[in-house]
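# Descriptive analysis of the structure
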Amino acid sequence: MKLLLLLIVLFPLLGFLVNGLGRNILGKRLIAWNACLWILGSFVLSVIAFMTVREEGAQVERYFDFIKVGKLTIPFAFQVDQLSIIFLLIITGVGFLIHVYSTSYMKDENASHYGRYFSFLNLFVFSMLILVMGANYVIMFIGWEGVGLCSYLLIGYWFKNNEYNKAANKAFIMNRIGDLAFLIALFWLIAKTDTVSFNELFSPGGLKNLTSTDFTVITLLLFVGATGKSAQIPLYTWLPDAMAGPTPVSALIHAATMVTAGIYMIARSNILYSQSAITMNIVAYVGLATALLAATIALKQNDIKKVLAYSTVSQLGFMFLALGTGAYAAAVFHVMTHAFFKALLFLGSGSVIHAMGGEQDIRNMGGLRKKLPTTYFTFLIGCIAIAGIPPLSGFFSKDAILLSAYGHEKFGMVLYGIALFTAMLTAFYMFRLLFITFTGKFRGTAEQEHHLHESPPAMTIPLVILAVLSVIGGFVGIPELFMHGGDKITAFLTPVISGTGQHNVSRSTEYILMGLSTGLMIVMIIFAWFKFRNYQRTEAVGLGKVLENKWYVDELYEKIIVNPLDKVGSFFNSFFERSVVDGLVNGVGKLVHYGSRQLRLLQSGQVGSYILLMVLSMVVIFVLQFFLKK
Amino acid sequence: MPINYYIFLSIALFCIGIVGVLTRRNAIIIFMCIELMLNAVNLLLVAFSKMHHLKMAAVNATAGTDGQLFVFFIMVVAAAEVSVGLAIIVMMYRNIHSVDVNFLNRLKH
C-alpha cells in the first residue's frame with residue numbers, strides 16, 4: 001500500500017517531468033501517449049486502492065518527517081480513506097478522459113507548446129492528488145498551492161494574449177487571498193493543538209484544547225480559503241474569467257476537480273465545522289447566495305463557456321449549501337455527479353467551439369444539431385443531468401441537497417425555496433444554452449457553416465463515456481425512499497463524516513418535494529423550448545442588461561478595491577519610493593562618500609603622525625581598560 | 001631593591017623612547033629610540049621574573065624563568081630587526097641623500 005499510494009502521486013509527476021523536459025525532443029504523438037498513460041496508470045492504481053479501502057478502511061502511510069520543530073512534528077504522509085478515494089477516482093478518471101480529449105483538441109499547437117500544455121496538465125493532476133491524499137493540513141496545503149499555480153499556468157497558456165494573462169493573474173491573486181486565510185487557520189490550529197494530522201485532530205480528545213471561539217475562527221478562516229479556491233462570494237469572479245484557458249483546461253480545472261478542493265477541505269474538516277453553528281450557517285448562506293447570484297448571471301451570458309462557468313459557480317454554491325446544512329455526504333455526492341456532467345458539458349462546448357473554428361458566442365451558432373449529432377446528444381444528456389430530471393445523476397445529488405436545505409432547523413422553508421428557485425433557473429439557462437446553440441437556424445458566417453463538422457473520435461469517445469457516467473452516476477446515491485440500502489455513498493462515507501443525512505423530513509414530504517422539483521424543472525425546460533427554439537438576436541434591456549453585465553460586480557470590485565489599491569500604489573511609487581526609499585539609499589551612499597573624503601585627510605604620509613596616532617590610541621585603550629575593569 | 005625602582009626606571013626609559021620616536025626626524029635616532037623601548041621592556045621582564053622566582057622557588061624550582069627566556073627572544077628579534085633596519089636606512093641614504101623620515105612620504109602619491 002505504501003508503494004501504491006506513492007506511485008499514484010508519482011505517475012503524473014513523472015509525466016510532467018518527461019513532457020516538460022522533453023517537449024522539444026519528443027514528437028506530438030509521443031507526448032500525447034506519455035501524458036495519457038501516466039494518468040491512466042494512476043487511475044488503475046486508484047481503483048486498486050479503492051478496493052483496498054472498501055475492504056480494510058482508511059489507510060495512512062507515513063514516509064518521512066517533513067517538518068520537525070519543537071513539539072510539532074509534521075510527517076509527510078498520505079491518507080486514503082473513503083472520502084479521498086472518491087476524489088482520487090474522480091480526479092484520475094475524469095482527468096484521464098480530459099487528457100485524451102485534449103490530445104485531439106490541441107492538435108494544432110506546435111510540439112513545444114503541446115508538450116508544455118500536457119506537462120502542466122499532468123502537474124495539475126499531481127497537485128490535486130497531493131491535495132486530496134495529504135494526511136495533514138500542511139501536505140494538503142502543498143497541493144492547494146500547487147493547483148493554484150497550475151491554474152495560473154494553464155489559464156495563461158496562450159500567454160501572447162494580454163487579456164488572458166490578466167485573467168491568469170486574477171485567478172492567482174484571488175486564490176492567494178483565500179490561501180492567506182487558510183494559512184492563518186493552519187497556524188491557529190498548530191498553536192492550539194500542536195498537530196495538523198487529520199488522524200490525531202479528529203480522534204476523540206484531539207480537539208479538547210479548542211474553545212468555541214477557536215472553532216468559529218478557524219472554520220471561518222478555512223471557509224475563506226475555500227471561497228477562494230471554490231469560487232464563492234466574494235472571491236468568485238476569477239472563475240468565469242478563467243475561461244481564457246483552452247476548453248479542456250476549463251473542464252479539468254474549473255469544473256471537475258480544482259474548484260472542488262474547497263468542498264473537499266470542508267468535508268474533510270467536518271468535525272471542526274460541526275462544532276460551530278455560526279460558521280455552518282454562514283457557509284450555507286454564502287453558498288446559497290452564490291448559487292442564486294451566479295444562476296441569474298448565467299441567464300443572460302452569450303459566451304458558451306461563460307454560461308457553463310457561472311453554472312459551475314452556481315453548482316458549487318449548492319455544494320456549500322449542503323455543507324452548511326450538515327449534509328457533507330450530499331456535497332461529496334454532488335461533487336462527483338457534477339464532475340461527470342460538467343466535464344461533459346465543457347468538453348461538449350469545446351467540441352462546438354472546435355467545429356465553429358474558435359467561435360464562442362452562441363448568438364452566432366444555432367442549428368448545430370444535425371451537423372454535430374454526437375456532441376448534441378451528449379450535451380443534451382449533460383443538460384438533463386444538471387437540470388435534475390430523474391433518473392439522471394444530477395437529480396439524486398441535487399435532491400439530496402434540497403432535502404438537507406429543507407431540513408435546516410430555522411429557515412428550512414426559505415433555504416429550500418431559494419434553492420429550488422435557483423435550480424429552476426439552472427434548468428432554464430442550461431436549456432437556453434442548448435436550444436440557442438443546437439436548434440433553430442445557423443446564424444454564423446457561410447465560411448463557418450461550410451467548416452462545420454463532427455469532432456474526431458478522440459474527442460467524442462470521452463464525451464460518450466462521460467454521458468454514460470452522467471446517466472448512471474447517480475445510482476450510487478438513490479434515496480432510501482426508493483430503495484432500501486440505496487444510498488450507498490452516504491453509507492460508504494460514514495466512517496469519515498460525522499452525522500450525515502439525519503434530516504427529519506417525513507416520507508410523504510420527501511415525495512412531495514421531489515415531485516415538485518421535478519415538475520418545475522420540466523416546466524422550465526418547456527418554457528425555454530418555446531422561448532429559444534427559434535432564437536433571434538435581441539439587445540438586452542433593463543434587468544437583462546444588468547445580468548448580461550454580471551450585476552456589474554467586476555466593475556464594483558474595480559471601483560472599491562482595485563482603484564483605491566492602485567491609488568495607494570501610485571502614491572507609494574511617487575512619494576514613498578522616490579523620496580523615502582531612494583533618499584535613504586542615496587543618502588547612505590553620499591554619507592560614505594563624504595565620510596571617506598574627510599577620513600582621507602588622516603592619511604598624510606607622515607610617519608610621525610601615524611606613530612602619534614598609534615601611541616595615543618594605545619593610551620586611550622589602556623585608560624579605558626583601567627576604568628572599565630571596575 | 002624594591003621592584004618599584006625597576007618599574008620606574010623602565011617607564012622612564014620607555015617614555016624617553018616614545019618621545020624620541022615621535023619628535024625626532026632622523027631615522028637613526030628613531031631607530032635607537034625603538035631599541036630603547038625594547039630594552040625598557042626587557043628590563044621589566046627580568047625584574048618581574050626575578051621577583052616571581054624569589055617568591056615561588058619553594059613550590060616550583062623553575063618559576064620565573066620563562067620571563068628571562070622572553071628577554072632572549074626579544075634580543076634576537078631586535079638584533080635581526082637592527083640589521084634589516086640599518087640596511088633600509090643605508091638604501092634610503094643612497095637614494096635621497098638624507099635620513100630624514102619626513103621626506104619618505106612618497107607612498108601618499
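Residues numbered from 1 in each chain as written. Chains lettered and ligands numbered in written order. Predicted model: local features only at pLDDT ≥ 70, side-chain atom pairs only at ≥ 80, totals over all residues.

### A look at the confidence of the model for chain B
Counting all residues, the mean pLDDT for chain B is 88, and 95% of those residues have values of 70 or more. This prediction of the complex comes with two scores: 0.78 for pTM and 0.74 for ipTM. (pLDDT = per-residue confidence, 0-100.)

### Some details on the domain arrangement of chain A
For chain A, the assigned domains are domain 1 (282-538) and domain 2 (558-628). Just the C-alpha atoms count here: the centres of domain 1 of chain A and domain 2 of chain A sit 67 Å apart. (Domains from an automatic or database assignment.)

### Examining the interface of chain B and chain A
In this complex, chain B contributes nine residues to the contact, which on the side of chain A involves eight residues. In the side of chain B that touches chain A, the residues fall into six nonpolar, two polar and one charged. (Contact = placed C-beta atoms within 7 Å. Nonpolar A, V, L, I, M, F, W, Y, C, P; charged D, E, K, R; others polar.)

### Quick notes on the packing of helix H2 (residues 28-56) of chain A against helix H4 (residues 111-133) of chain A
All names here are of chain A. One way to put it is that H2 packs onto H4 with a least axis distance of 9 Å and a crossing angle of 5°. Classed by the angle they form, the pair H2 and H4 counts as roughly parallel. Taking contact as the criterion, the partners of Lys28, Ile31, Ala35, Trp38 and Ile39 in H2 are, on H4, Ala111, Tyr114, Gly115, Phe118, Leu121, Asn122 and Val125. Taken together, the residues of the contact of H2 with H4 break down into nine nonpolar, two polar and one charged. (Axes fitted to C-alpha atoms, helices over the stretch in contact; angles between N-to-C directions. Helix = DSSP H or I, 4+ residues; strand = E, 2+ residues; numbered from the N terminus. Parallel < 35°, antiparallel > 145°, perpendicular 65-115°, else oblique.)

### Side note on helix H6 (residues 162-193) of chain A
Here H6(A) is 32 residues long and its end C-alpha atoms lie 46 Å apart, about the 46 Å a rise of 1.5 Å per residue gives. Within H6(A) the residues assigned to the buried category are Ala167(A), Ala168(A), Lys170(A), Ala171(A), Met174(A), Asn175(A), Gly178(A), Phe182(A), Ala185(A), Leu186(A) and Leu189(A). (Expected span 1.5 Å × (residues − 1). Buried ≥ 20, exposed ≤ 12 C-beta atoms within 10 Å, placed from the backbone.)

### What to know about the pairing of strand S2 (residues 72-80) of chain A
Residues and elements named next belong to chain A. Looking at chain direction, strand S1 (residues 59-69) and S2 are connected through nine bridges and run antiparallel. Following the sheet pairing, Lys68 is matched in S2 by Thr73. A loop of two residues connects S1 with S2, the two strands running antiparallel in sequence, and Gly70 in this loop sits at a positive phi of about 55°. (Pairing = 2+ DSSP bridges.)

### As for the nonpolar core
All names here are of chain A. Counting residues in each nonpolar core, the largest one holds 202 residues, and the members touching the most others are Phe124, Leu129, Ala331, Val332 and Ala343. Ranked by residues supplied to this core, first place goes to helix H15 (residues 328-355) with 17 residues. In this structure, Ala331 is in contact with Ile263, Ala267, Met319, Ala322 and Leu323, ignoring residues within four places of it in sequence. (Core = buried A, V, L, I, M, F, W, Y, C linked by C-beta atoms within 7 Å.)

### Some remarks on unusual backbone geometry
All names here are of chain A. Cis geometry marks the peptide bond from Ile233 to Pro234; its omega dihedral reads 5°. Its location among the elements puts Pro234 in the loop between helix H8 (212-229) and helix H9 (238-241). Of note, the phi angle at Asp194 is positive, near 65°, even though the residue is not glycine. Position of Asp194 among the secondary structure elements: in the loop between H6 and helix H7 (198-202). Judged by the 13 C-beta atoms lying within 10 Å of it, Asp194 falls in the partly exposed class. In this structure, Ala231 takes a positive phi of about 55° despite not being glycine. Looking at where Ala231 falls in the secondary structure, it is placed in the loop between H8 and H9.

### Section: the environment of Met459(A)
All names here are of chain A. By secondary structure assignment, the location of Met459 is in helix H20 (residues 457-472). Judged by local crowding, Met459 falls into the buried class, with 23 C-beta atoms found within 10 Å. Remark: the alpha-carbon pair of Met459 and Val352, spanning 107 residues in sequence, is separated by 11 Å. If near-sequence neighbours (up to four positions away) are discounted, Met459 is found in contact with Tyr101, Ser104, Tyr105 and Ser351.

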